Amino acid sequence: MKGRISALVAVLAPVAVLALVLAPLAAPAWGAGKPAVELSASQAGSGGSITVSGSGWRAKTLLMILICGQATPSRGVIGGTNSCANADGRAVTTDARGHFSRKLPVAEPPAPCPCVVHVAAVTGAGATADEAFQVAGHAVRPLPGESAAGRLSVLTDTRLDGSSGLLTWFGAPPQRTLVFTVGNVGSSPVREPVFLVGTSHGVFAPQWDERQWHGTVAPGRKAEIRLPVELTAGAHGDYTVSLEYGGKVLAEQPWGVGRPWGVTVFWVLVCLVVPTAAFRVGMAVVDRVRPRGAVVRHRGLRLPGVALRPPKPPAPARTGTTSALPWFTPDTDPGTAASGRLSAPHEDSPATPTKGNT
């Protein structure tokens, strides 16, 4: 019996291990399909709300949901994000299966309808999806006709030319030149095309600026395009430069901007110099307004020539010639004795008779 059990375990063990290995491969690849968007209602008035759901997106991806005018699902948002109600947009993060569901307030976009609900990935590789939507009561105008000026396609990878100078180190706006090569795959020439260059920092949406290239790209020809890119003053960190043309994002280029350490050094010097200068000015004011002749002591050090000394008593007035000998008093000074005595002083007494005279 034990032998049969051992044989059965030996047969089933490899099968179990193989099943564990193949199980992840057999699981469905969530988010591997084409991004799709579904709306709870195809029409709503301003002030209401709708529920936007999606599937086929990458897992754990931050998305931005907007209502945009002058757009259709087939042609996209012609005017870019400038045609969207950006202030009333909402952000959502997909789950592990690439699904999401978010309630979106209905607001009138700055451009007339036809309108769409535009969903775009903010992080990672670019991905967008549009679904037709009608804002009740909003103006409706036909879309501009498709230009017969040809179509441009990016042929090479984009790059950023330029370097940071001394002024950028002190907080000046960083500047670069976005360089790429485009080719005209249409049948008509493209004259002075207008590109949209966007800069984004972290998970924030790009800020788009129009850049017009002066020149003509003939059908079947290519041209090198150089567009200026500028950030705000003091910008630093990881940025992404995006290129859009004809309502489609053509390329994205990362840009690492260093910290402007000159600004930090400047403020450190300010914090050191200003207190020192204030202290010097304060001490100068104190020295000017203090009373003259006062004893000033600074941390136990006595300034020379500042302490007061009592005045010496005046010497007594003397008449005549006085001697400088220390053992004579004014009364016994030979210089003041009468009759010009030169001998030592003696007692003046009346003459006494001597024995010889008696």
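Just above, that's the structure.
Presented here is an overview of the structure given in this document. The numbers attached to residues start from 1 for each chain and follow its sequence in the written order. Owing to the predicted nature of the model, reporting of local features is limited to residues with pLDDT of at least 70; listing and counting of side-chain atom pairs is limited to 80 or more, with chain, interface and lining totals taken over all residues. Based on all heavy atoms of the structure, the side-chain values leave hydrogens and waters out of the count.

## So, the overall build of the chain
Rules: Helix and strand assignments follow DSSP, with helices taken as H or I runs no shorter than four residues and strands as E runs no shorter than two, numbered in order from the N terminus. Should any heavy atoms of two residues lie within 4.5 Å, those residues are counted as being in contact. In this description, accessible areas are obtained by the Shrake-Rupley approach with a 1.4 Å probe, and a residue is regarded as covered only by the protein chains that are shown.
For the chain, the helix and strand inventory stands at three helices and 22 strands. When contacts within the chain are restricted to residue pairs at least 6 apart in sequence, those whose partners lie at least 24 apart make up 66%. Total accessible area on the chain stands at roughly 24,000 Å², and carbon and sulfur atoms take up 59% of it.

## Examining the environment of Ala-120
To keep things clear, this is the line we draw: The buried label applies to any residue whose accessible area, calculated with a 1.4 Å probe on protein chains only, is under 20% of its type's maximum; exposed applies above 50%, and partly exposed to all values in between.
Position of Ala-120 relative to the elements: it lies in strand S9 (residues 115–121). Residue class for Ala-120 comes out buried when judged on its relative accessible area of 16%. With residues up to four places along the chain from it excluded, the contact list for Ala-120 reads Leu-62, Leu-63, Met-64, Ala-127 and Thr-128.

## Remarks on the sheet that holds strand S3 (residues 49–55)
To summarise the sheet geometry, strands pair through backbone hydrogen bonds and adopt either a parallel or an antiparallel arrangement. Inclusion rule: At least two bridges found by DSSP between two strands is the condition for calling them paired. Interaxial angle, 0 to 180 degrees, is taken between N-to-C directions of lines fitted to C-alpha atoms, where a helix line uses only the stretch in contact.
Taken in spatial order, the three strands make up an open sheet running S1-S3-S8, and their pairing is antiparallel. Because the sheet does not close on itself, it has two edges, and the strands there are strand S1 (36–39) and strand S8 (100–105). Each strand axis lies, on average, 25° off the axis of its neighbour in the sheet, ignoring direction. Taken together, the six bridges between S3 and S8 define a ladder with antiparallel strand orientation. Within the sheet, the bridge partner assigned to Ser-53 lies in S8 and is Ser-101.

## Observations regarding the environment of Ala-121
Within the secondary structure, Ala-121 is located in strand S9. As a C-alpha pair, Ala-121 and Thr-61 span 60 residues in sequence and 7.0 Å in three-dimensional space.

## Remarks on the packing of aromatic side chains
Condition: Any Phe, Tyr or Trp ring, taking Trp's six-membered ring, that has another such ring centre within 6.5 Å forms a pair; planes under 30 degrees apart are called stacked, those over 60 apart edge-to-face, and the others tilted.
Summed over all chains, the structure comprises five aromatic pairs. Ring geometry for Phe-180 and Phe-195: centres 5.6 Å apart, planes at 80°, overall edge-to-face. With Phe-180 in strand S13 (residues 175–184) and Phe-195 in strand S15 (residues 194–201), this residue pair connects regions lying 15 residues apart in the sequence. Residue Phe-195 is classed as buried on the basis of its relative accessible area of 0%.

## Thoughts on the pairing of strand S18 (residues 222–230)
What you see with S18 is a clean split: Ala-223, Ile-225, Leu-227 and Val-229 sit on the buried side and Lys-222, Glu-224, Arg-226, Pro-228 and Glu-230 on the side with no burial. Where S13 and S18 come together, nine bridges link them in antiparallel fashion. Paired with Gln-175 across the bridge in S18 is Glu-230.

## Let's talk about the state of the cysteines
Where we set the bar: Sulfur atoms of two cysteines make up a disulfide when they are within 2.5 Å.
With the rule as written, the count across this model stands at two disulfides. In this model, Cys-113 is linked to Cys-115 through a disulfide, with the two sulfur atoms separated by 1.9 Å. Here the disulfide of Cys-113 and Cys-115 is left-handed, its torsion about the S-S bond being about -95°. Disulfides within the chain link the bonded cysteines, taken in sequence order, as 1-2, 3-4.

## Remarks on the side chain of Gln-253
Tracing the backbone shows Gln-253 in strand S20 (residues 248–257). Setting aside residues up to four positions removed in sequence, Gln-253 forms contacts with Thr-158, Arg-159, Leu-160, Tyr-239, Thr-240 and Val-241.

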